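These are the residues of each chain, in order.
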Amino acid sequence: MRLRITLRAKLALLSLVLLVLPWVGYRYVQETERLLLDSQRESVLALARAVATALHDRPEIFALAQGLSPGASVSAGERLLDLGMTLKPTRGPAAAQGILQGLERSTSRIWVADRELRVVARTGRLAAPAVAPDPSANPIQKAWRWLVGKLLPPPSQQFVRRVDQEPLTRGVDISNAFLGLPAVSVRSTGDGRPSIVAAAHPIWVGDQVRGAVVVEETTHSILSLRNQALERLLMVTLGAFGLVALVLIGFASRLSSRIRRLRDEAEGAIDASGRVARIAVASRARDEVGDLSRSISGLLGRIGRHHGYLESMASRLSHELRTPIAVVRSSLENLHMEDLPDSSRTYIARAEAGVSRLSSILNRMSEANRMEQSLASTEVERFDLGRLLEECVAGYRMARPGMALDLSLPRHPVWVEGAPDLMAQLLDKLVENAFDFAAPGSAVRLVLAFVGESHAGLAVENRGPTLPEDLKERLFESMVSGRAGEGGETPHLGLGLYVARMIAGFHGGELSAANLADGSGVRFEVRLPCHAARE
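Numbers given to residues run from 1 along each chain, matching the order in which its sequence is written. Given that this is a predicted model, residues contribute local features only at a pLDDT of at least 70 and side-chain atom pairs are listed and counted only at 80 or more, while totals for whole chains, interfaces and linings are drawn from all residues. Side-chain numbers come from the whole structure's heavy atoms, not from hydrogens or water.

A. Looking closely at the sheet that holds strand β3 (residues 183-187). Pairs of strands are assigned from DSSP output, requiring at least two bridges between the strands. Strands are runs of DSSP state E lasting at least two residues, helices are runs of H or I lasting at least four, and both sets are numbered from the N terminus onward. The antiparallel open sheet is built from five strands, whose spatial order is β2-β1-β5-β4-β3. One side of each edge strand has no neighbouring strand; the edge strands of this open sheet are β2 (119-124) and β3. Here the strands of the sheet are splayed against their neighbours by 15 degrees on average, with no regard to which way each runs. Two elements, strand β1 (residues 108-114) and strand β5 (residues 208-218), share seven bridges in a ladder whose sense is antiparallel. Among the inter-strand pairings, Ser-108 is bridged to a residue of β5, identified as Glu-217. We call two residues contacting when some pair of their heavy atoms lies within 4.5 Å. Inter-axis angles, ranging from 0 to 180 degrees, are taken between N-to-C directions of lines fitted to C-alpha atoms, where helices are fitted over the stretch in contact. Where helix α2 (residues 20-55) meets the sheet, its contacts fall on β1, β3, β4 (196-205) and β5, and the angle it forms with β4 comes to roughly 25 degrees.

Encoded structure:
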């Protein structure tokens, strides 16, 4: 079974192309993050250069007393501190510390160390201040913040607080600075937490490098800006995607409804007998669907005129040909009165048979038109369909004594409304068709039974050749026959089942044909509405 995809589903799938926009936006945010990281590296190096410039040619800041123990005084008001680390950071002279405190920022940590990696001065911290949640946020905003927090977790501060307690040499390569070359390095955790950007710059005293300035910052601000950008991108993408999807689905729904309405009008324009009963009203829309509607309306109009011409052609041919046939028939009758040789009478007999056959063809061609006219003026009455079948079957058995005919009737009368003579004519068509196709020695079976509470089914079955698949849908159309040739002297124009369906429709029923379940023959069934069926 093939999967049926509606127009709305196709446009909804097409709207998924919009998902490429978030990917492009995400790539743009990543590129911006990289540029911001490069900018931060340059700014950290510039800050280290500025601090180092302020400390150039000041040898006194590195003049620390030798052999000092923790707690000993280095200068007035200063003491050497023991931080419990491998290296023993000491406070430098007041001048160096004053310069660093003047440059102190909450997101930077600045070290000044000599060539022996002794910390002369240090200031600042890496951890960013905590941001308190907005107490005025409504439930929708809180839910949105919660969802964004799950998708885009904020940068963690635990790693930064741990780094704040590490000594200078942990993760910072300042060997290039002691060689006189500025250096910048980035320590990445690899788990989405803030990285550490560190820059080292040499401090010159004369033509010698006496120390280095190390400036460290975290990428917390970049990660926060990235998360904010991704949050806005997510919000804009969801809004745009929802709006575009809603517009596309609305457009597809309107387009689908127009196409379905056009389909229903086209299907309802032609009735069961193949006539154009109603021409669809052409749409005035100036688009492709409107053009299609106008084309279908024009096509139905042309088909209706052509079908009317074909319907009237049979009656016109019948009327025009009856006069020459009558002339030929009368001439043949006059020839019978002449004294002709026996050899000529043989040809006259053949000519009379041909004229009779031609008259029969004309009668059958006009039968459908006469049937329509008779249906329009037929009075409806209530009759027992079972009793009518018994009478008709008795006549069939007398007319065809060599053919077996089985009849199965219900125990109760089957009351229907209609015309008994027309129903007998329908039965004649079906039984005659069954006899023509029945296998030699087989019986034609008629079954009348109740179908549900309000309908009855009349079936005519025969054993023999089955119906081709390509003929099942066209079997009840005019001038369509399943016979391979002209079977005998009686002409078959494919009008018998067409007339039978007209009669079934007049009685409010339906006529259908199908092959038997075992593939041994064909079953024609008329389903009719009952009226007080079980009285």
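B. Main features of α2. For α2, built from 36 residues, the straight-helix expectation of 52 Å at 1.5 Å per residue is met to within 8% by its first-to-last C-alpha distance of 53 Å. Only protein chains enter the accessibility calculation, which uses a 1.4 Å probe; a residue whose area is less than 20% of its type maximum is buried, one above 50% is exposed, and one in between is partly exposed. Residues of α2 that are buried: Gly-25, Val-29, Gln-40, Val-44, Leu-45, Leu-47, Ala-48, Val-51, Ala-52 and Leu-55. One or two residues past the end of α2 sits Asp-57, with phi positive at roughly 55 degrees. Each helix should span, by expectation, one fewer than its residue count multiplied by 1.5 Å.

C. Expanded view of the pattern of salt bridges. A side-chain nitrogen of Lys or Arg and a carboxyl oxygen of Asp or Glu constitute a salt bridge if their distance falls within 4 Å. Under the definition given, this model contains eleven salt bridges. For Arg-118, the salt bridge goes to Glu-116, with nearest N and O atoms at 3.7 Å. With relative accessibility at 53%, the residue Glu-116 sits in the exposed group. For Arg-445, the salt bridge goes to Glu-461, with nearest N and O atoms at 3.8 Å. Placement of the pair is Arg-445 in strand β9 (residues 443-451) and Glu-461 in strand β10 (residues 455-463), with a sequence separation of 16 residues. Among the charged side chains, a network of salt bridges with common partners joins Arg-445, Glu-461, Arg-523 and Glu-525.

D. Structural view of helix α11 (residues 385-399). Relative to the 21 Å expected for 15 residues at 1.5 Å per residue, α11 spans 21 Å between its end C-alpha atoms, a close match to the ideal helical length. Buried within α11 we find Leu-385, Gly-386, Leu-388, Leu-389, Cys-392, Val-393 and Tyr-396. Each buried residue of α11 sits inside an arc of 145 degrees when the element is viewed along its axis, so together they form one side. Those residues of α11 that are exposed and angled more than 90 degrees off the buried face are Arg-387, Glu-391 and Met-398. Directions are taken from the helix axis to each C-beta atom, and the arc is the one they span.

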